[in-house]
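Results of the structural survey
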Amino acid sequence: MVLEIALNLQLHAPVALHRTRAGVQFVETLDYIPGTALRGALAEAYLTEHGAPDNTFRALFLSEQVQYGDLWPSLEGQQAILLPATAQACKRHGLKHDQSFRDSLLDVWNTLGNDRKCPVCGESLDRVSGYLGRLDPVKPISPRSRLRVSTAIERGTGTVAREMLFTQHTLVGLGTPDNKQLLLFQGIVRLFDPTLQSELMRLLQPNTTLFLGAGRSRGLGQVEVKAWSKVPATELLAERCQQFNATAQRAGGDASKRYFSLTLLSHLALRDDLLRPVLGEITPQHLGLPDGVTWVRYPGSDQPVLFLSAISVPGWNAAIGLPKPDTVALMRGSVLLGQCDATQEQAVLARLTQIEAEGVGERRNEGFGRVAVCYPIHYTCWR
Ligand SMILES: [Zn+2]
């Protein structure tokens, strides 16, 4: 039985979460807190209290028993939605023209989607990324970032490096400067071993201060545990699949097939039997789906319906202060469209349920490999 805990963190100082390896002069920040950073911050807090790593430490941070998910920017009381690679909005005004917002995944059976225009200004549509706080009406969540110029610190001595300046993007808050809203980061921690619950809850007590990301020697990265709670129940996977299929039929799908989408909510690091990273050549069987399950293909074409990007995620070993090898992964937001025959439906649903509950691939304890099956945006926002 998996226990899922929803965690809310509040920013107390700007946070710098590097998109690329530090060492280049201009460093961008991520707009979310990767599970890796959360795990690192909690591990550090644990060691500060207990000294050397013990068995509880290993179970909490180095085993597969706890998965620290990515934390997304969110507004109080709302569950954030990650915009998938199939989301579209007005090319010129983006989500400001909220009526233009739609999801294009189920356009696969006809090409009308290419000619769609913004109902407000008539401009064509383009891909849109980011987060929504709400679908209807569309409410985007945009964390603000700010540029900071800092002096570099010598790693060895901890002192200011001479004649070394660099600029750094940091996350500071939500909304515009004159309309500041509270920036929360929301994510889910999954616990597979219930005996670890009390220790984990102790580390995540409300009002606990944690330190995240880069620049901590300059006062960056202070966050506070605001609240945690049990994850609210979502619609059952079977019901979501049913609604997804009803919309797929309206969109021109084959009535004898069962369709499902897989939306990557975090990066997916998968390897094949020969330990090679699996990227664009991914098959349903790489994900443990039964033989016979295939990707949907565009009509009259061999091209599978996959919206994929690859990313190289830099690693950092804090213990020895050296880089770890990069992980090549499929990027969060990627979408895959699968199908099977009606006779296979139950077997496929069983595996899909497992994929959603446990994740897939490597580095799952750092939040990698979270997948949503039939993510509601694909059928509620297709029109
Ligand atoms: Zn427009």
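My aim in this report is to walk through the structure given alongside it, one point at a time. Per chain, the residues get numbers from 1 upward, laid out in the order the sequence is written. Whole-chain, interface and lining totals are the exception, using all residues; otherwise, since this is a predicted model, local features are given only for residues with pLDDT of at least 70 and side-chain atom pairs are given and counted only at 80 or more.

As for the overall build of the chain
Put simply, the rule reads: Helix numbering and strand numbering both begin at the N terminus, where a helix is a DSSP run of H or I of at least 4 residues and a strand a DSSP run of E of at least 2. Residue pairs qualify as contacts under a 7 Å threshold applied to their C-beta atoms, which are placed from the backbone.
For the chain, the count of helices and strands is six helices and 21 strands. By sequence separation, contacts in the chain at least 24 residues apart represent 71% of the contacts at least 6 residues apart.

Topic: the sheet that holds strand 6 (residues 102-103)
Under the convention used in this document: Any two strands between which DSSP finds at least two bridges are classified as paired.
A sheet is described by the order of its strands in space; here three strands give the open sequence 6-5-7, paired in antiparallel fashion. Among the strands making up the open sheet, the edge pair consists of strand 6 and strand 7 (125-127). Sheet topology note: the strand 5 (residues 87-90)/strand 6 ladder contains two bridges and is antiparallel. Looking at the pairing, Ala87 lines up with Asp103 of strand 6.

Observations concerning the packing of helix 4 (residues 237-250) against helix 5 (residues 345-358)
Heads up, the rule is: All axes are obtained by fitting lines to C-alpha atoms, using only the stretch in contact for helices, and the reported angles, taken between N-to-C directions, cover 0 to 180 degrees. Here a crossing is called left-handed whenever its near helix is offset anticlockwise from the far helix by less than a right angle, and right-handed whenever the offset is clockwise.
In the contact formed by helix 4 and helix 5, the axes pass within 10 Å of each other and the chain directions differ by 115°. The crossing of helix 4 and helix 5 is right-handed. Together, Leu237, Ala238 and Cys241 of helix 4 and Leu349, Leu352, Thr353 and Glu356 of helix 5 make up the contact between the two elements.

Overview of the pairing of strand 3 (residues 66-74)
Selection rule: Between the buried cut of 20 or more and the exposed cut of 12 or fewer other C-beta atoms within 10 Å of a residue's own C-beta lies the partly exposed class, and all C-beta atoms are placed from the backbone.
Counting buried positions along strand 3 gives nine out of nine residues, so the element sits mostly inside the fold. Of the strand pairs in this sheet, strand 3 and strand 12 (residues 184-191) are connected by seven bridges, and their pairing is antiparallel. Residue Trp72 lies in a different strand from strand 12, and its bridge partner there is Gln186.

Some words on the environment of Leu287
Note that Leu287 resides in the loop between strand 15 (257-264) and strand 16 (294-295). For Leu287 and Leu270, which are 17 residues apart along the polypeptide, the C-alpha to C-alpha distance reads 8.6 Å. With residues up to four places along the chain from it excluded, the contact list for Leu287 reads Ile355 and Val360.

Digging into the nonpolar core
What counts, and what does not: In this description, a nonpolar core means buried residues of the types Ala, Val, Leu, Ile, Met, Phe, Trp, Tyr and Cys, linked to one another by C-beta atoms lying within 7 Å.
Of all hydrophobic cores here, the largest spans 80 residues; its most connected members are Val15, Ile33, Leu71, Tyr131, Leu337, Val371 and Val373. Ignoring any residue separated from it by four or fewer positions in sequence, one finds Val371 in contact with Leu262, Thr263, Leu264, Leu265, Ile355, Glu356, Gly359 and Val360.

Brief notes about the environment of Met201
With respect to the helices, strands and loops of the structure, Met201 is situated in helix 3 (residues 197-203). Judged by the 12 C-beta atoms lying within 10 Å of it, Met201 falls in the exposed class. Separated by 27 residues in sequence, Met201 and Trp228 place their C-alpha atoms 8.8 Å apart.

Concerning the environment of Ser334
Of note, Ser334 is situated in the loop between strand 19 (322-330) and strand 20 (335-341). The buried category is assigned to Ser334, around which 25 C-beta atoms lie within 10 Å. With 27 residues separating them along the chain, Ser334 and Phe307 place their C-alpha atoms 5.4 Å apart. Sequence-distant contacts of Ser334, that is, excluding residues within four places in its chain, are made with Ala85, Leu264, Phe307, Leu308 and Ser309.

Quick word on the sheet that holds strand 1 (residues 3-11)
Paired through backbone hydrogen bonds, the strands of a sheet run either parallel or antiparallel to each other. In spatial order, the strands read 3-12-1-14-13; together these five strands make up an open sheet with antiparallel pairing. Lying at the two open borders of the sheet, with one neighbouring strand each, are strand 3 and strand 13 (209-211). Averaged over all pairs of adjacent strands, the angle between their axes in this sheet comes to 35°, without regard to strand direction. When strand 1 meets strand 12, the two strands line up antiparallel, connected through eight bridges. Of the residues in strand 12, the one forming a bridge with Ile5 is Val189. Here helix 1 (residues 35-50) sits on the sheet and contacts strand 3, strand 12 and strand 13; the angle it forms with strand 3, its principal contact strand, is near 115°.

Things to note about the pairing of strand 15
Among the eight residues of strand 15, seven are classified as buried, and the element is accordingly described as predominantly covered. Pairing between strand 15 and strand 20: seven bridges, direction antiparallel. Counted as the bridge partner of Arg258 is Cys340 from strand 20. Relative to strand 21 (residues 371-373), strand 15 runs antiparallel, the two being bridged by three bridges. In the sheet register, Leu262 faces strand 21, and the bridge partner there is Val373.

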